[in-house]
Amino acid sequence: MAERASLSEHLAGSQSELPAKTMKDSEIEVHLPLGTQPSLREKYLNYHNTVRFGRILEDLDSLAVLICYSHTWNKELDRSPLSIVTALVDKIDMRKNIIYPDCDIKFTGHVTWVGKSSIEAKMHMTQFHDGAYSPVLDATFVMVARDPENKRAAFVNPLKLQGPEEEKIFQQGEINKKRRVDLSTASLLKVAPTAEERTIVHSLFLNTLDTKTVSFRSRILPPNSMWMEDAKMKGLEICHPQERNIFNRIFGGFLMRKAYELGWANACAFAGSRPILVAVDDILFQKPVEIGSLLLLSSQVCYTEGEHIQVRVHTEVLDPLTRQHSTTNVFHFTFLVEKAVPAVVPQSYGESMLYLDGKRHFNETMKSQ
């Protein structure tokens with residue numbers, strides 16, 4: 001850390017002091033040779049004889065960091081003086097249901113948009129099968145630049161656009177930023193549900209009334225449905241040094257892998273069949289996780305529609321000495337199963353808000369499919 005602190009003198013006082021970089025400057029191609037190097041397969045193999053998607057999340061997070069370091073590379077220093085941390089996973093859209101454990105994988109990506117201290121990186125994953133590479137997923141990560149000691153925000157190189165195609169990509173980054181701001185502004189943690197959403201909540205309440213007693217307290221579960229309270233699954237991780245990053249905090253990819261695996265297990269138990277991931281949406285990194293923390297994970301099936309299951313995973317750290325709880329991440333996963341699943345029904349106002357939030361995320365996912 002002392003060595004990193006010495007890099008602070010190389011930080012720019014304003015963005016205009018930094019040389020502009022092109023999208024090609026951060027362009028990276030990485031190969032995962034699962035087909036040609038069988039010794040790697042054990043780490044990525046699951047018991048369904050496909051690839052563990054949690055491992056892919058770890059790789060995507062590492063690649064996004066590498067892309068951003070390439071964009072902020074200082075030729076004179078032969079390194080980047082910045083610290084790059086994951087702010088959020090904007091979107092991961094699946095293009096293929098099966099990832100083969102014995103076929104080579106290729107990751108490509110580059111910077112697509114920059115702000116003053118934030119960077120959007122877009123990545124694509126393809127897999128070699130039947131003689132050609134075919135698309136598996138598209139991922140958009142938003143990273144933030146910090147000073148060498150990871151204490152405050154730092155300026156990043158501006159982006160120099162070359163041609164109409166790159167301008168179009170950059171404009172999509174602006175649209176993504178505006179969408180994130182709009183979603184944050186309309187968060188159910190800040191503002192009341194819309195009139196349409198309030199109608200949905202009231203309809204859910206009316207459908208659970210006991211017609212015999214007609215009481216606010218007496219509730220009956222409708223056919224082919226399940227109380228939200230019964231669609232939960234919890235987990236605990238002790239944060240060991242093995243999973244640390246260069247800042248002595250827990251690696252974000254590890255957190256994503258653990259949250260995904262819990263969400264998948266919850267969807268599997270809920271549906272009684274193997275779920276297939278459709279999309280990962282709006283993973284927000286609110287607070288770093290310190291080594292030695294107890295990481296509490298809570299998964300909730302919050303919305304279902306047809307064969308689709310929307311799962312929200314909330315993670316928080318418990319300091320065993322002070323007993324303080326702090327939210328670190330919220331994850332949203334959309335899964336598809338082979339048959340229609342029961343509807344989840346909220347009982348409390350808080351559960352109703354989780355239901356509406358899940359419905360919003362599901363609708364956003366379906367728009368991009």
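See the structure printed just above.
Residues numbered from 1 in each chain as written. Predicted model: local features only at pLDDT ≥ 70, side-chain atom pairs only at ≥ 80, totals over all residues. Heavy atoms only, no water.

Colleague: What is the right way to read the packing of helix α5 (residues 195-207) against helix α7 (residues 349-368) from this model?
Modeller: The axes of two packed helices give the description: the angle between them and the distance between them. Running from N to C, α5 and α7 point in directions that differ by 125°, and their axes come no closer than 11 Å. Put simply, α5 runs oblique to α7. Along this stretch, α5 crosses α7, giving a crossing that reads as right-handed. Where α5 abuts α7, its residues E197, I200, V201 and L204 lie against S352, Y355, L356, K359 and R360. Split by residue class, the contact of α5 with α7 holds five nonpolar, one polar and three charged. (Axes fitted to C-alpha atoms, helices over the stretch in contact; angles between N-to-C directions. Helix = DSSP H or I, 4+ residues; strand = E, 2+ residues; numbered from the N terminus. Parallel < 35°, antiparallel > 145°, perpendicular 65-115°, else oblique. Left-handed = near helix turned anticlockwise from the far one by under 90°. Contact = heavy atoms within 4.5 Å. Nonpolar A, V, L, I, M, F, W, Y, C, P; charged D, E, K, R; others polar.)

Colleague: In this structure, what is going on with the packing of aromatic side chains? I would like to understand it.
Modeller: Aromatic ring pairs: the centre-centre distance and the angle between the two ring planes describe each pair. One pass over the full model with this rule turns up eight aromatic pairs. For the ring pair Y260 and F333, a centre distance of 5.8 Å and an interplane angle of 75° mean the geometry is edge-to-face. Taken as a pair, Y260 in helix α6 (residues 252-271) and F333 in strand β11 (residues 325-336) lie far apart in primary sequence, 73 residues in all. Each member of the pair, Y260 as well as F333, carries the same accessibility label: buried. Relative to F333, the ring of F331 has its centre 6.2 Å away and its plane inclined at 5°; by these criteria the two rings are stacked. Of the two residues, F331 and F333, both sit in the buried class. Each residue in the set F53, Y260, F331, F333 and F335 is aromatic and connected to the rest through ring pairs, giving one cluster. Between K106 and the ring centre of Y133, over which it is positioned, the NZ or CZ distance is 4.4 Å. (Phe/Tyr/Trp six-rings, centres within 6.5 Å; stacked < 30°, edge-to-face > 60°. Buried < 20%, exposed > 50% of the residue type's maximum accessible area, 1.4 Å probe, protein only. Lys NZ or Arg CZ within 6 Å of the ring centre and 35° of its normal.)

Colleague: Where do I start with the layout of surface pockets in this structure?
Modeller: Which parts of space are left empty comes out when a probe the size of a water molecule is rolled across the atoms. The volume enclosed by the largest pocket comes to roughly 690 Å³. If you go around the largest pocket, you meet 26 residues; those closest to its centre are S187, D282, H332, D357 and H361. Elements represented by at least two residues in the lining of the largest pocket include exactly β2 (83-94), α4 (164-185), β8 (276-285), β10 (308-318), β11 and α7. Considering every element that reaches the lining of the largest pocket, the biggest residue donor is α7, with seven residues. Residue composition of the lining of the largest pocket, grouped by class: nine nonpolar, eight polar and nine charged. (1 Å grid on protein atoms, 1.4 Å probe; cavity = no way out; pocket = protein on both sides within 12 Å on 5 of 7 lines; lining within 4 Å. Points joined across faces, edges and corners; volume = space filled by probe spheres on them.)

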